[in-house]
Amino acid sequence: MWTKRHHNNCISLETHAHRLARARLPQPPPALFSAHLCRLIAARHLIQIPSPPSLQRLSLPPSCFPSTMNGPFVDAVLDLTRVRKYAGTLLIFWPFAWAMSMVARRLEISVAAYAMSILYGLIASFLLRTAGVIWNDIVDRDIDKHVERTKTRPLASGRMSMQAAFALLAINLAILLVALWPMNKPTWDYGLIATFIYPGIYPLMKRVTYWPQAWLGLAMNVGIPMAWTAYSQTVSASALILAAGTWSWTMWYDTIYACQDKKDDAQVGVMSTALLFGGNIRPVLAVLAGGFAAALALAGVANEQGVLYYAISVAGGVAYLLHLTTSVDVDDPKSCGRVFYNSGVWLGALIYAGTLADYLAAALCPHTVSVTW
């Protein structure tokens, strides 16, 4: 039974406990508690409040934190790898995707296997392009300082160290080698050439020849033979024709791309087909475009493509290619950049739409769409 005596005993015990707590347990300094509370509120509301002087001696110096956590470094990484400029990745991916669609149609590859190959090719194209531009910026850092369009690149402007650039390059190359490891021998060999030989030599070509775009034409389109060797361990006649056409296409778009830097390149001694062709650049571009268009049609014949390929990839692609060729102003850097982007994104996508539609029609409805050229 609860009595007044029990109540008084509880009050005495509670009072005694409070006295012990105050006597034996140190209380946190009010300034420290207030500072922590303020910083918690600041973090919640994204407000930066400096630490009080009493706490500044407890904070670590900035050098204790890795530089990779800094915003400017992340921005420099994005600029170095060109993540925000995806046209270059697509220019590597599209030839592989076209060839993969043609391989899948000819060898009757399942839709699931085809989809996995396309995803693999897209990731590999991104990694390959990233490694290529990092190496290009490492080699060209002293030249880039004198070119208006490239002088703000991370290595040329000093926003990133050479050690960091080499570390990023090593990471990309390591991932590429891991991705190549399961491939058969012919595909592995082509992959090594695509990863090391072609991009490794390309930045040096502009120092010794006016034809660096010709070498780039080999580097950008190695995905075509890789698509064939991955499933058949051989390279078909249609693949060789398509590769010749995409070489011409690369010459076409990279000559236009080089026109952006003609004045600066001439001053610093960098060579390119844009400078080589000079006043004859427009007829040369027309010839290169014509070679690409002819190769698209001939590759379709050699691979026995269907009507959708010719209607979309050949007819539609050639019409858009003609529009880009006639509309570009080679003396206007903005016009050259716009045509380069449209070629890398929309022309490539249009041609791929035709190869994809033709493959899916043959795979899913083999008896309804059987018309070949």
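Scroll up to find the structure this text is about.
The text that follows walks through the structure, step by step, so that each part is easy to find. Because the structure is predicted, anything quoted here is derived from the model rather than measured.

**A word on the side chain of Arg129**
- The topology assignment puts Arg129 in helix α6 (residues 111-139).
- At 9.3 Å, Asp137 is the nearest oppositely charged side chain to Arg129, a buried residue that forms no salt bridge.

**Some thoughts on unusual backbone geometry**
- Even without glycine at this site, Arg82 takes up a positive phi of about 60 degrees.
- Within the secondary structure, Arg82 sits in the loop between α4 (71-81) and α5 (87-107).

**Examining the packing of helix α17 (residues 307-327) against helix α18 (residues 333-364)**
- Packing of α17 against α18 leaves a shortest axis separation of 8 Å and a crossing angle of 175 degrees. Put simply, α17 runs roughly antiparallel to α18.
- In terms of residue class, the contact of α17 with α18 is made up of 15 nonpolar, 9 polar and 1 charged.

**Quick notes on the packing of aromatic side chains**
- Per the counting criterion, the structure on display carries 15 aromatic pairs.
- Their ring planes at 25 degrees and their centres at 6.0 Å tell us that Trp98 and Phe292 sit as a pair that is stacked. Taken together, the residues Trp98 in helix α5 and Phe292 in helix α16 (residues 281-303) connect sequence positions 194 residues apart. Considered together, Trp98 and Phe292 belong to a single accessibility category, that of buried residues.
- Look at Trp181 and Trp188: their rings are 5.8 Å apart centre to centre, the planes differ by 90 degrees, and that puts the pair in the edge-to-face class.

**Considerations on the nonpolar core**
- With 80 residues, the main nonpolar core has Trp98, Met100, Met160, Leu242, Trp249, Trp252 and Phe292 as its most contacted residues.
- Residue contacts for Met160: discarding those within four places in its chain leaves Phe73, Ala76, Val77, Leu80, Pro154, Leu155, Ala165 and Leu168.

**Some points on the side chain of Thr325**
- Note on placement: Thr325 falls in helix α17.
- A polar side-chain atom of Thr325 sits 2.8 Å from the main-chain carbonyl oxygen of Leu321.
- In contact with Thr325, not counting residues within four places along its chain, are Trp252, Arg282, Leu285, Ala286 and Ala289.

**A closer look at the environment of Asp79**
- With respect to the element layout, Asp79 can be found in helix α4.
- Linking Asp79 and Leu155, residues 76 residues apart in sequence, is a C-alpha distance of 9.9 Å.
- With near-sequence residues (within four places) excluded, Asp79 lies in contact with Arg84, Pro154 and Arg159.
- Reaching out from Asp79, the side chain makes a polar contact with the side chain of Arg159 at a distance of 3.0 Å.

**Structural notes on a nonpolar patch on the surface**
- On the surface, Tyr86, Tyr341 and Trp346 cluster together to form a nonpolar patch covering roughly 340 Å² of accessible area.
- In this structure, Trp346 sits in helix α18.

**Considerations on the environment of Tyr86**
- On the secondary structure map, Tyr86 appears in the loop between α4 and α5.
- Given a relative accessible area of 43%, Tyr86 falls into the partly exposed group.
- With 43 residues separating them along the chain, Tyr86 and Arg129 place their C-alpha atoms 9.5 Å apart.
- Those residues in contact with Tyr86, other than ones at most four positions away along the chain, are Tyr341 and Val345.

Criteria and cut-off values
Residues numbered from 1 in each chain as written. Predicted model: local features only at pLDDT ≥ 70, side-chain atom pairs only at ≥ 80, totals over all residues. Heavy atoms only, no water. Helix = DSSP H or I, 4+ residues; strand = E, 2+ residues; numbered from the N terminus. Buried < 20%, exposed > 50% of the residue type's maximum accessible area, 1.4 Å probe, protein only. Lys, Arg positive; Asp, Glu negative; His and termini not counted. Salt bridge = Lys/Arg side-chain N within 4 Å of Asp/Glu carboxyl O. Axes fitted to C-alpha atoms, helices over the stretch in contact; angles between N-to-C directions. Parallel < 35°, antiparallel > 145°, perpendicular 65-115°, else oblique. Nonpolar A, V, L, I, M, F, W, Y, C, P; charged D, E, K, R; others polar. Phe/Tyr/Trp six-rings, centres within 6.5 Å; stacked < 30°, edge-to-face > 60°. Core = buried A, V, L, I, M, F, W, Y, C linked by side-chain atoms within 4.5 Å. Contact = heavy atoms within 4.5 Å. Polar contact = N/O pair within 3.5 Å; in protein donor to acceptor, adjacent residues only side chain to side chain. Patch = residues over 30% accessible without salt bridge, like charges linked within 9 Å, V, L, I, M, F, W, Y side chains within 5 Å. Areas by Shrake-Rupley, 256 points an atom, 1.4 Å probe, with all protein chains shown as cover.

Purely geometric numbers; function is a separate question.
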